[in-house]
Structure formats: structure tokens, C-alpha cells
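# Per-entry structural report
Listed below are the residues making up each chain.
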Amino acid sequence: MIELDGLTKRYGTKTAVDHLSFRVRPGMITGFLGPNGAGKSTTMRMMLDLDNPTSGTVRIDGRHYRELDEPLKYIGALLDAKAMHGGRSAYNNLLCLAQSNRIPESRVAEVLDLVGLTAVARKKSKGFSLGMGQRLGIASALLGDPEILMFDEPVNGLDPEGIHWIRNLMKSLAAEGRTIFVSSHLMSEMALTADHLIVIGQGKLLADMSMADFIQRNSRSFVRLRSPQQERLRDVLHADGFVVVEAGNGTLEVDGATTERLGELAAAHQLTLHELSAQRASLEEAFMQMTAGAVEYHAHGTDTHGGGEPAAPGPAWGANSGWGPAPGAGSGTTTEGV
Ligand SMILES: Nc1ncnc2c1ncn2[C@@H]1O[C@H](COP(=O)(O)OP(=O)(O)O)[C@@H](O)[C@H]1O
Ligand SMILES: [Mg+2]
């Protein structure tokens, strides 16, 4: 279990992490989600005592990181895959780490095997591809067989096979009862990986809930209808008590209805339908809406630190702020079986 209590980090006038309090529990994958610059890496560095909090505390199984002897046996982390000594072989990189935490040398070959690097164990790590570097970083995290594992944006730059591998590895580690804390700026990635979500924006906590709750609260389900007799269809729906939204392009959207019910209603009134489809607004869109306020604030130059990263990758974060489902969500919707 990791516990954060009022964790705050300021760099000059810039508040990178702003009174974060949450718990990361064992036996599941907790996704740590937020746009670029939200404060995820800073938070993770403070969890590992690589950076000092301005205020607040982090406890690992009730203790501060500094109070753990041989910390690799409690908590393993992949923060920056390039942090390895490039002139050393994969094997020797891991051996140095093992020795510093009194981990038997036999464990080095074990973790190299686990991450699929046995064949290149004696090769210098500076020649490694991005994916091999990530695997080596993960091997170092696993070295002490810790109960808690942290991964900062582990799938960044990986090919689909590498992404699949990391995802399955995290799932099997969580299934063994370990605590898995993994960051990403991609909702789509988290939706496939995490059981629980911590969402931050501008260093502040925006959501702390199960993935199931997040999906239920943030992905709006509705039925889309298109008819050459749109006016009459709308009247029939109104008369039956449905709330109808005109979504443009001659389509109507109805919340809280099934395609069966609406199809039967249209048939009973002899109305022709050109479309009758169940829709779900994407989580990606819900996440963008949730974090957009924070990003916008950042992008408008209130960041006096000046050294900040670009607020967002392109215009993708959208301009809306606030919670809740997007009315008439267009591009961010997916169609479920009709
Ligand atoms: N060493 C530092 N000095 C000054 N500002 C920093 C430093 N590290 C991070 N920041 C700033 O803190 C904010 C959060 O950064 P970071 O934790 O890297 O975000 P994330 O990992 O979510 O992308 C950013 O605005 C970043 O520019
Ligand atoms: Mg980061």
C-alpha cells in the first residue's frame, strides 16, 4: 500500500503537485492518469525519495522510503528507461543493483529471463532499442521481487507487441497480489489496463475511483436515430416521454432508451428509420473534458515558471471544461452492435 497525504511540490512559483492525497492498494493495477505536465513523474519521483516534497508525505507500507532498508525488496520502479549505465552490459547493470540491495546474483538471470533479455544479457545496454531498454528497466524493478511496482509511462514509444507484453505482465503481477501503480497520459491505454484510476490535472486530484465507476459515470450511452420523417418521429418520442436532442445531420439522440424500444415505437407509428444505433461517448473524450480546464489554464501563460513542457499534444485536449458526459458527443463516440 502506498499512501499520499497532502503531497505538494513547488518549483519556484510553479506548483507541480498540489496537495495530493490518495492510496494505492494491493492486488490491482492503479492507473495514474493526466495530460503531459500534470505532475505524474514528479509525484512518482517523490514516492521514491528522488525528489523532496515541499510539504506532505508519502508512506510505503506505513514507512517513509528512507526508512526501508534494501528498498528494492519493497518497491521496484521503472521511471526512466535510459537511466541505466550504457557502458555496462544488461547483466552487470542488474548485478550492481542487486549487490547494493543484498539480492543474490542468481536473481539477475531470473529477471533477465522474465523480461526476455537472456540472449542479450552480456551486450552493452547503450546499444539497446527502446523496447529492450524498457524491458531492462522492468527487470531492474522486478529484481528485489517487491510487493509494490511503479511504472512511469511504460508503453511510450513501444510497438504493439511490446505494449501487449507490458500490459499482460502488469496484470499477472497484480493477480499475484502486488500493488501496481502505472502512469499514462492516454485514457485509451488505461481503459485496457487499470482496475482503479487516479486522475490529476495541474497537480490536483480530479478523480479517484474504480475503472468501472469511471466508465459508468463518464461514458454517456444513447441511441441515435435518423428518419426521413424526423419531425413526426420527434413528436412521437416526446409524446412517449423521451428527451430528444437534435444532433445535426438530421439525426436525433435519445438518452436512457434501448434500440429495441425505439424501433418498436417507430414501427407502431409506421415511421421509416434510416438509422437506429446504440452509441457510447468515448472515455478518451470524458478524460479530455475532465482535464481540459487545467490544460487551458496552463496554455494561457499563467505558468510563470516558463520552463514548462508544452501543455498538451496539439489541440486534442479540447476546450470544454468540467465533468460529466458530453451532450451530443459526435466524433468521440463509438457505435455498438445495432
Ligand atoms: N526539476 C523541475 N524544475 C522545474 N519544473 C519542473 C521540474 N520537474 C517538473 N517540472 C514541472 O512540473 C510540472 C509537472 O511535470 P511532470 O511531473 O513531469 O508532469 P507529467 O509527468 O505528468 O508529464 C511541469 O510543468 C514541469 O515542467
Ligand atoms: Mg511524466
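Residues numbered from 1 in each chain as written. Chains lettered and ligands numbered in written order. Predicted model: local features only at pLDDT ≥ 70, side-chain atom pairs only at ≥ 80, totals over all residues. Heavy atoms only, no water.

## Points about the sheet that holds strand S3 (residues 28–33)
- Spatial ordering of the open sheet is given by S5-S6-S7-S3-S8-S9, a layout of six strands whose pairing is mixed. The open sheet has two free edges, formed respectively by strand S5 (75–78) and strand S9 (204–210), since each of these has just one partner strand. The average angle at which neighbouring strand axes cross in this sheet is 15 degrees, direction not considered.
- Note: strand S8 (residues 196–201) against S9, six bridges, orientation antiparallel. Within S9, the residue paired with His196 across the bridge is Ser210.
- On the sheet, helix H4 (residues 130–142) packs against S5 and strand S6 (148–152) and is oriented at approximately 170 degrees with respect to S5.
- Along the sheet, helix H7 (residues 211–218) contacts S8 and S9; its crossing angle with S9, the most-contacted strand, is approximately 105 degrees. (Pairing = 2+ DSSP bridges. Helix = DSSP H or I, 4+ residues; strand = E, 2+ residues; numbered from the N terminus. Axes fitted to C-alpha atoms, helices over the stretch in contact; angles between N-to-C directions. Contact = heavy atoms within 4.5 Å.)

## Here's the deal with the pattern of salt bridges
- For the structure on display, the rule yields 18 salt bridges.
- Measuring nitrogen to oxygen at the nearest pair gives 2.9 Å for the salt bridge that ties Asp145 to Arg178. Remark: Arg178 occurs in the loop between helix H5 (160–175) and strand S7 (179–184) and Asp145 occurs in the loop between H4 and S6; sequence separation between them is 33 residues.
- Its salt-bridge partner being Arg178, residue Glu176 comes within 2.7 Å of it at the nearest N-O pair.
- Because the salt bridges share partners, they merge into one network encompassing Lys9, Arg45 and Asp51. (Salt bridge = Lys/Arg side-chain N within 4 Å of Asp/Glu carboxyl O.)

## What to know about the confidence of the model for the protein chain
- Residues at a pLDDT of 70 or more form 86% of the protein chain, whose mean pLDDT is 85.
- Considering only residues more than four positions removed or in separate chains, one finds that residues 296–332, a stretch of pLDDT under 50, has 64 contacts. (pLDDT = per-residue confidence, 0-100.)

## So, the packing of aromatic side chains
- Under the counting rule described, the total for this entry stands at three aromatic pairs.
- Ring centres of Phe22 and Phe181 lie 6.0 Å apart, and the angle between their planes is 40 degrees; on these two criteria the pair is classed as tilted. On the criterion of sequence distance, the pair formed by Phe22 in strand S2 (residues 14–24) and Phe181 in strand S7 is long-range, its members being 159 residues apart.
- The buried category is assigned to Phe22, whose relative accessible area is 4%.
- Within the aromatic cluster, the residues linked to one another by ring pairs are Phe22, Phe32 and Phe181.
- Taking NZ or CZ as reference, Arg122 lies 4.1 Å from the ring centre of Tyr91, over its face.
- A cation sits over an aromatic face here: Arg135 above Trp165, 4.2 Å from the ring centre. (Phe/Tyr/Trp six-rings, centres within 6.5 Å; stacked < 30°, edge-to-face > 60°. Buried < 20%, exposed > 50% of the residue type's maximum accessible area, 1.4 Å probe, protein only. Lys NZ or Arg CZ within 6 Å of the ring centre and 35° of its normal.)

## A closer look at the nonpolar core
- Formed by 50 residues in total, the largest nonpolar core has its most connected members in Ile138 and Phe151.
- A per-element tally of this core places H5 first, with seven residues.
- Among residues more than four places away in sequence, those in contact with Ile138 are Leu78, Val115, Phe151, Trp165, Ile166 and Leu169.
- Counting 24 residues, the second-largest nonpolar core is a separate cluster that includes Ile2, Leu4, Leu20 and Met47. (Core = buried A, V, L, I, M, F, W, Y, C linked by side-chain atoms within 4.5 Å.)

## Considerations on the environment of Arg224
- Mapped onto the fold, Arg224 is located in strand S10 (residues 221–226).
- Taking the C-alpha atoms as reference points, Arg224 and Glu275, separated by 51 residues in sequence, lie 7.1 Å from one another.

## Remarks on the pairing of strand S13 (residues 275–281)
- Counting buried positions over the seven residues of S13 gives five, a clear majority of the element.
- With six bridges connecting them, S10 and S13 associate as antiparallel partners. Bridging across to S13, Phe222 finds its partner in Gln279.

## What to know about unusual backbone geometry
- Of note in the backbone geometry, Asp49 takes a positive phi value of approximately 65 degrees without being a glycine.
- Relative to the helices and strands, Asp49 is located in the loop between helix H1 (40–47) and strand S4 (55–60).
- For Asp49, a relative accessible area of 22% corresponds to the partly exposed category.
- Backbone geometry places Arg102, a non-glycine residue, at a positive phi of 50 degrees.
- When its relative accessible area of 66% is taken as the criterion, Arg102 is described as exposed.

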